[in-house]
Amino acid sequence: AVPAWPTQIVPSTTVILLDRDAHPPAWTILVHQRADNGFWGFIGGAQEIGESIEACAQREALEETGLVVQLDRLVCVDSDPCQYAIGLYTTGARQFCNLTFLAHATGGRLCPYRESRQLEWVTLDHLPHTFLPAHRWRLEQSMQGPTLGVPVR
């Protein structure tokens, strides 16, 4: 059931940032604990007017982690209000149309931003217990293999 019918649709991004320097090479990913609700998930956020969805993903990554990222591929697009795409805010309910990207860092310095309580590199078998269900689903989609993803231009 949908908790509240949305009054707004918001384009947004999720960035699954892989640590290409992890040893042994495996799925080592960056997660953050959200300052607003304490849940863990991936970085990302709403697209701003005048920016491309790719620029949104890169801006959100820089703002939330201090890292400059290269987008590697589009993983999935999700917007189903029955599958976690509704956000409840004091201003009303929003439905997100979210694009998830796999990416890697190319520069910057890892540093939490005001939207994050903390940032951690984790492996798949060490995801935090309070990991957002929609982000877990997006992670599962990202593991379907690079042939299913769309390369970012």
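Before reading on, note that the structure itself is shown above.
Predicted, not measured: the structure shown is a model, and the values here were computed from it.

A few points about the overall build of the chain
- The helix and strand tally for the chain stands at 2 helices and 9 strands.
- Reading the chain from its N end, one meets helices and strands in the order β-β-β-β-α-β-β-β-β-α-β.
- Considering the chain as a whole, with its 153 residues, one finds that 46% of them fall into the buried category.
- Long-range pairs, those at least 24 residues apart, make up 75% of the contacts in the chain between residues at least 6 apart in sequence.

Notes on the pairing of strand β2 (residues 28-34)
- With 6 of 7 residues buried, β2 lies mostly within the body of the structure.
- Pairing of β2 with strand β8 (residues 116-123), which is carried by 7 bridges, proceeds in the antiparallel orientation. Note on β8: the bridge partner recorded for Val31 is Glu120.
- Pairing between β2 and strand β3 (residues 40-41): 2 bridges, direction antiparallel. Across the sheet, Gln33 pairs through a bridge with Trp40, a residue of β3.
- Linkage of β2 to β3, two consecutive antiparallel strands, is achieved through a turn of 5 residues, within which Gly38 is found at a positive phi near 80 degrees.

Scoring rules and cut-offs
Residue numbers run consecutively from 1 along every chain, following the written order of its sequence. Thresholds applied to this predicted model are a pLDDT of at least 70 for local features of residues and 80 or more for the giving and counting of side-chain atom pairs; totals over whole chains, interfaces and linings are not thresholded and use all residues. As a rule here, side-chain values cover all heavy atoms of the structure and leave hydrogens and water aside. Elements are defined by DSSP. Helices are runs of H or I of four residues or more, strands are runs of E of two residues or more, and each kind is numbered from the N terminus. When accessible area is computed with a 1.4 Å probe and restricted to protein chains, residues below 20% of their type maximum are described as buried, those above 50% as exposed, and intermediate ones as partly exposed. We call two residues in contact whenever any of their non-hydrogen atoms come within 4.5 Å of each other. Whether two strands pair depends on DSSP finding at least two bridges between them.

The values are spatial; any link to function lies outside them.
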